[in-house]
Amino acid sequence: GVKATSAACRSCREECHAACECSDFCEPLIKDAALCHEQGLSWSPILSQSFDNFFLSVLTLFEILTTEGWVNVMYAAADITEVYQQPVRDNSQWLWAISFSIYIMFMFMFILNLSVGVIVGKFLELKKENSNTMLTTSQAKWIKSIKRLGNKNLKAFFGLTNLHLLPWYQKRGYQIVSDPRFDLSIMMCICANTLLMAAKISPTEEPPLWMEDAIKTACFIFSGVFAIECIFKLFVLRSAYFEETWNWFDLLSVAGTLVGILFDMLPFLPDVGASAITQVIRILRITRIFRLLKLMDGLNKVFTALTVSLVKLVNVGLVLMLMLVLYGVLGTNLFAFIKLGETLDVHGNFRHFGWSVITLFRASTGEAWNELMHDLWKDELSWFRVGDWCTPDNLFDLTTSYDVLESKCLVGQGSIPNACVATVLGMNLWPVVFWVSYTLFITFMIFNLVVAVILEGYAEGKNCVEQRMMERCINWWKKRDP
């Protein structure tokens, strides 16, 4: 019903004519996009992700499957209207908010977590075939000794022997340090000392004037209590004091505390990094709270499970380091000269092997790995659209003539590279292949293997009947034969 001579029809013909002229060297814009460009602004995507074709759609869904940026994609989808038209806030809110939420719940919370079950199941199958999965023979023997002896030296089971031959004061002292109430009182002091250290407030919060002095005085008192305990046990147990690991831990904590107090009270000592040493010692005093493991059986089981799992985790860590080295070398060779972007910056790049490993380890925690991929994925046209440029990969040989190209400002200036990523058959595929494979291997396999190892260690620690029976026998033996 529109006349051929009307303004709308003439405008439509002009747009079609411009699109035909522009097809070879630019992107024709219509509707709100054309109006935006006419006013001197830029019509560009607000996100790195898109659903422009099937490949990009699958890649975007894989990215949000790892929970990276899925909220931003959902918000952008909720605002869409039509092609080349300005987004409207919450235009399709309920449709896309519900759709993305269902996708995350189904794919991340169920399908992705099934990979954990698959890896754990396979790990247990291997364990049935070989009980020493992921362990060498010597490592397996060490774990067995830990379980059966409860991580104690045999001489530390009874502290002192032949009490009838000892002086009365040493015998009486041994009865005191062996009394559970003595350990309980020390544990209460440890908890109170920890709460006092947690009560420290920054001067910017304007704490009461008396608070700093009160906390410092109380910490001195508790330090004195712990020092007296250590000296008293040394006097009573003598050489037997050093047979138990916890006693070594107490002795080091007390010695470190006394050194810290010495540096605080003697300001005339030469400054050889004393302030930094004092800060470290103060932090180490918090570790006394681990002595609570001696009294809390359930917590001790969890800690034992972690200790037993550490040996296997070392082996898994070696596999992780092997993958980091492999991908680090690959990333350095592929992306060393690539132009930096928003996420691929001076704090995360592939300019040499060290930075490559650091960047990969950061990405292994899921921190913006997809944005690193998108920065590497930018080609000449992508940089040109935002008013910038990069050197085409097939134009120069950067490995042999980088200095000459840098002097001519063709690859960046100083330490800032400016090259484009090498293409394969005209397509920039390396960043996608590199990051998707890395995420699959590290996030979905190696880290889930860590979960499997820890679960196995917890199950073994929970079912360790030998250790519980040995502790019961030792307690009865102490009562019947003091």
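Here, every reference points to the structure presented above.
Nothing here was measured: the structure is a model prediction, and the numbers come from that model.

A. Fine view of the pattern of salt bridges. For the coordinates displayed, the defined rule picks out three salt bridges. Residue R181 pairs with D179 through a salt bridge whose shortest N-O separation is 2.8 Å. In this structure, K233 engages E229 in a salt bridge whose closest nitrogen and oxygen atoms are separated by 3.5 Å. One end of the pair, K233, and the other, E229, are both in helix α9 (residues 209–237), four residues apart, so they sit about a helical turn from each other. By the burial criterion, K233 is buried, and E229 matches it.

B. Layout of the nonpolar core. Core analysis: the largest hydrophobic core is formed by 35 residues, its most contacted members being F350, L360, W435 and Y438. When contributions to this core are tallied by element, the ones reaching two or more residues are α3 (54–65), α5 (93–129), α12 (297–335), α13 (353–364), α14 (369–377) and α17 (430–462). Considering every element that reaches this core, the biggest residue donor is α17, with ten residues. Contacts of Y438, omitting those with residues within four sequence positions, involve L324, Y327, L360, F361, A363, S364 and T443. Formed by 16 residues, the second largest nonpolar core is a distinct cluster that contains L163, F182, I190 and V236.

C. Here's a closer look at α14. Within α14, eight of the nine residues are buried, leaving the element largely enclosed by the surrounding structure. Of all the positions in α14, only W369, N370, L372, M373, H374, D375, L376 and W377 are classed as buried.

D. Structural context of the packing of aromatic side chains. In the structure shown here, the tally under the stated rule is 15 aromatic pairs. Between F55 and W377, the ring centres sit 6.1 Å apart and the planes meet at 80°, which makes this aromatic pair edge-to-face. With F55 in helix α3 and W377 in helix α14, the pair connects residues that are 322 residues apart, well separated along the chain. An aromatic cluster is built from Y327, F335, F350, F434, W435 and Y438, whose rings are joined through pairwise contacts. Between the NZ or CZ atom of R238 and the centre of the ring of F235, over which it lies, the distance is 5.0 Å. Over the ring of W383 we find K339, and its NZ or CZ is 5.2 Å from the ring centre.

E. Molecular detail of the packing of helix α7 (residues 168–178) against α9. Contact pair α7 / α9: the axes reach a minimum separation of 9 Å and the direction vectors enclose 130°. Relative to α9, α7 is oriented oblique. Remark: the crossing between α7 and α9 carries left-handed chirality. In this structure, α7 uses Y169, Q170, G173, Y174, I176 and V177 to contact α9, whose residues at the interface are F232, K233, F235, V236 and L237. Split into classes, the residues belonging to the contact of α7 with α9 amount to eight nonpolar, two polar and one charged.

F. Just unusual backbone geometry, in detail. The backbone phi angle of T67 is positive, close to 65°, even though this residue is not glycine. Secondary-structure assignment places T67 in the loop between α3 and α4 (70–78). The phi dihedral of A368 falls on the positive side, at around 55°, and the residue is not glycine. Mapped onto the elements of the fold, A368 is located in the loop between α13 and α14.

Cut-offs applied
Residues numbered from 1 in each chain as written. Predicted model: local features only at pLDDT ≥ 70, side-chain atom pairs only at ≥ 80, totals over all residues. Heavy atoms only, no water. Salt bridge = Lys/Arg side-chain N within 4 Å of Asp/Glu carboxyl O. Helix = DSSP H or I, 4+ residues; strand = E, 2+ residues; numbered from the N terminus. Buried < 20%, exposed > 50% of the residue type's maximum accessible area, 1.4 Å probe, protein only. Core = buried A, V, L, I, M, F, W, Y, C linked by side-chain atoms within 4.5 Å. Contact = heavy atoms within 4.5 Å. Phe/Tyr/Trp six-rings, centres within 6.5 Å; stacked < 30°, edge-to-face > 60°. Lys NZ or Arg CZ within 6 Å of the ring centre and 35° of its normal. Axes fitted to C-alpha atoms, helices over the stretch in contact; angles between N-to-C directions. Parallel < 35°, antiparallel > 145°, perpendicular 65-115°, else oblique. Left-handed = near helix turned anticlockwise from the far one by under 90°. Nonpolar A, V, L, I, M, F, W, Y, C, P; charged D, E, K, R; others polar.

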